[in-house]
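# Residue-level structural notes
Listed here are the chains, written in short residue letters.
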Amino acid sequence: MLNIKKDFPVLVNNPDLIYLDSCASSLKPKVVIDKIDEYYNKYGVNVNRGVYALSYHATEEYEQTREVVAKFINAKSKEIVFTRGASSALNLVASSYGMANITEGDEIIVSELEHHSNVMPWQMVAKAKKAVLKYVPLSSEGKITVDAFKQVLTNKTKVVALTYVSNVMGYITPIEEIIKLAHSVGAIVIVDAAQAVPHMKIDVKALDADFLAFSAHKMLGPTGLGVLYGKYKLLQNMDPIEFGGDMNDFVDLYDSHFKDAPHKFETGTPPIAEVIAFKEAIKYLEDLTFDEIHAHQEVLVKHLMSELEKIKGVKVYNKTATTGVVAFNIHDAHPHDVSTMFDEEHVCLRAGHHCAQLITRWLEVPGTLRACVYIYNTLEDVDKFIEVVKKAAEYFEEW
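Let me sum up the structure you'll find in this document. Predicted model only: the values in this text are computed from it and were never measured. (Residues numbered from 1 in each chain as written. Predicted model: local features only at pLDDT ≥ 70, side-chain atom pairs only at ≥ 80, totals over all residues. Heavy atoms only, no water.)

This brings us to the pairing of strand S12 (residues 325-330). For a regular strand, the rule is simple: side chains alternate between the two faces of the sheet. Of all six residues in S12, six are buried; the element is thus mostly enclosed. Along S12, one buried face is formed by Val325, Ala327 and Asn329 and the opposite face, lined by Val326, Phe328 and Ile330, is buried too. Pairing of S12 with strand S15 (residues 368-372) involves four bridges; the strand directions are antiparallel. Bridge pairing in S15 places Val326 opposite Ala371. (Buried < 20%, exposed > 50% of the residue type's maximum accessible area, 1.4 Å probe, protein only. Helix = DSSP H or I, 4+ residues; strand = E, 2+ residues; numbered from the N terminus. Pairing = 2+ DSSP bridges.)

Turning to helix H4 (residues 86-101), a few remarks are in order. Each α-helix turn comprises 3.6 residues. Residues three or four places apart therefore point the same way. Taking 1.5 Å of rise per residue, the 16 residues of H4 would be expected to cover 22 Å, and the 21 Å separating its terminal C-alpha atoms lies within 8% of that figure. When we look at burial in H4, the residues that qualify are Ala86, Ser88, Ala89, Leu90, Leu92, Val93, Ala94, Ser96, Tyr97 and Gly98. (Expected span 1.5 Å × (residues − 1).)

A separate point is the side chain of Asn167. Note on placement: Asn167 falls in the loop between strand S5 (157-163) and helix H7 (175-184). Assessed through its relative accessible area of 7%, Asn167 is described here as buried. Apart from the residues within four sequence positions on either side, Asn167 is in contact with Leu113, His115, Gln195, Val325, His354, Ala356 and Arg370. (Contact = heavy atoms within 4.5 Å.)

Take helix H3 (residues 53-72) next. An ideal rise of 1.5 Å per residue puts 28 Å on 20 residues; H3 measures up with 29 Å between its terminal C-alpha atoms. Along H3, the residues classified as buried are Ser55, Ala58, Thr59, Glu61, Tyr62, Thr65, Arg66, Val68, Val69, Ala70 and Phe72. Where H3 is buried, its residues touch helix H2 (30-42), strand S2 (80-83), strand S7 (211-215), strand S8 (226-230), helix H10 (272-288) and helix H11 (290-308). Positioned one or two residues after H3, Asn74 has a phi angle of 60°, which is positive.

With that out of the way, let us pick up the sheet that holds S7. Reading across the sheet, the seven strands line up as S2-S8-S7-S6-S5-S3-S4 and stay open at both edges, with mixed pairing between neighbours. For this open sheet the edge positions go to S2 and strand S4 (132-136), each flanked by a neighbour on one side alone. Taking the axes of each pair of neighbouring strands and ignoring which way they run, one obtains an average angle of 20° across the sheet. Here five bridges tie S7 to S8, and the two strands are oriented antiparallel to one another. Within S8, the position partnered with Phe211 by the bridge is Gly230. Each of S2, S5, strand S6 (188-192), S7 and S8 touches H4; the most contacted strand, S7, lies at about 150° to it. In the packing of helix H5 (residues 120-129) onto the sheet, the strands contacted are strand S3 (107-111), S4, S5 and S6, and the crossing angle to S4 comes to about 145°. (Axes fitted to C-alpha atoms, helices over the stretch in contact; angles between N-to-C directions.)

With that out of the way, let us pick up the nonpolar core. With 84 residues, the main nonpolar core has Ile202, Phe278, Ile375 and Tyr376 as its most contacted residues. Ranked by residue count, the leading element in this core is H10, at 11 residues. The residues touching Phe278, leaving out its near neighbours within four places in the chain, are Thr65, Val69, Phe214, Ala216, Met219, Gly221, Pro222, Leu225 and Val227. Among the nonpolar cores identified, the runner-up in size contains 31 residues, and Leu300, Leu304, Val347 and Val382 belong to it. (Core = buried A, V, L, I, M, F, W, Y, C linked by side-chain atoms within 4.5 Å.)

Going through the model one piece at a time under the given rule, you end up with 22 salt bridges. For Glu38, the salt bridge is made with Lys35, and the minimal N-O distance between the two is 3.1 Å. Linking Glu38 with Lys35, this pair stays in helix H2, spanning three residues, or about one helical turn. Lys35 sits in the buried class, given a relative accessible area of 11%. Here Glu141 and Lys143 are joined by a salt bridge, their closest N and O atoms 3.6 Å apart. Bridged by salt links that share partners, the residues Lys35, Glu38, Glu61 and Lys279 form one connected network. (Salt bridge = Lys/Arg side-chain N within 4 Å of Asp/Glu carboxyl O.)

Here we take up the state of the cysteines. Tallied over the entire structure, the rule returns one disulfide. A disulfide bridge connects Cys23 with Cys372, and the sulfur atoms are separated by 2.2 Å. On the S-S bond that ties Cys23 to Cys372, the torsion sits near -115°, and the link is left-handed. Here Cys23 is found in the loop between strand S1 (18-19) and H2, whereas its partner Cys372 is found in strand S15, with 349 residues between them in sequence. Classification of Cys23 by relative accessible area gives buried; the value is 3%. Residue classification places Cys372 among the buried positions, given a relative accessible area of 1%. (Disulfide = S-S within 2.5 Å.)

The next subject is the packing of H11 against helix H14 (residues 379-397). The interhelical angle for the contact between H11 and H14, taken along N-to-C directions, is 20°, at an axis separation of 10 Å. As far as their axial angle goes, H14 and H11 are roughly parallel. Classified by chirality, the crossing of H14 by H11 is right-handed. Contact with H11, carried on its side by Val299, Leu300, His303, Leu304, Glu307 and Leu308, involves Leu379, Val382, Asp383, Phe385, Ile386 and Val389 of H14 and no other residues of that element. For the contact of H11 with H14, the class distribution of residues is nine nonpolar, one polar and two charged. (Parallel < 35°, antiparallel > 145°, perpendicular 65-115°, else oblique. Left-handed = near helix turned anticlockwise from the far one by under 90°. Nonpolar A, V, L, I, M, F, W, Y, C, P; charged D, E, K, R; others polar.)

This next bit is on the sheet that holds S15. Ordered in space as S11-S12-S15-S14, the four strands form an open sheet in which the pairing is antiparallel. Looking at strand neighbours, the two that pair on one side only are strand S11 (314-316) and strand S14 (350-352), the edges of this open sheet. Each strand axis lies, on average, 30° off the axis of its neighbour in the sheet, ignoring direction. Where S11 meets S12, three bridges bridge the pair, whose relative direction is antiparallel.

Structure follows, in structure tokens:
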């Protein structure tokens, strides 16, 4: 079992805190925070513009992160676009590739498991282009299956946009098989990997994903930073959706010429400190290894699920999930009411629809409580969480 709480200043400064909201945003290890401080204290200048030593150093650090990210997911550095977050990355694909390539009658496949940022952009594209938005039928457990995907795939399918790991149910989508099927009819696939990348090794070449998006802040990195991977040929043929400084080669009175990908998608001053520090988060995860991360989470989830099953009035919606996400409710109480009891006991977890109202509606509940265990959580954390669940179950049984 991992024992790394000392590496996370928030946990050091709040020793009574039980943090179970890593699906929303992970805590940051000291090495990441120190790298941000290093940038601002030692060379806090802009990138790609200055012809002086400090700017050169900042640019070098910035581009090193692009190389680290590319290696991390087995891509080329020119296939890595830095964005404001996974939502921004997914919106970029829809607004650029989608608006340029979808025509009337084309079909776009999504699912009810999607985060809003992987549904709403395609709703807008479908409306604007008079395309057809189709949903993969979910299994009785709320999973995407290959057989169900085959039911909605046709020769009219042009785009498939699916989550790799649901942020509510925690299930892993059989995305590799789905990509193969989608490619067989000429469709491209966008993978929302925001909840997958923190927990498993991703190889975009093995997956053959066309686009893949994730966020830094869910995998120990800074906030305000996301990554869009795209096959280079696709990125090169896409137009940027934002225009301004540093994304152009030259600007005339009536026309402009853009830089090659990825830089044509990165206009203005980027989140420099955040990008530079992100490579430290990746290095931290790689030093732990994903095998060790998976083994650690497996023990925690198994213990958590086992204890929850013993408590009267608790309903778990994803008993077979393996990625550290546990969605549940207590009696018929609204999750917002229940969550206040957890907060009083210094247990942080999420309550509501988690920016995924479609799956909440599918579950026929107003929302869920969501506990997410991650690398810095311990069996003691789980036991404390279970204690509060028992208290809440007793209290709300009387309502």
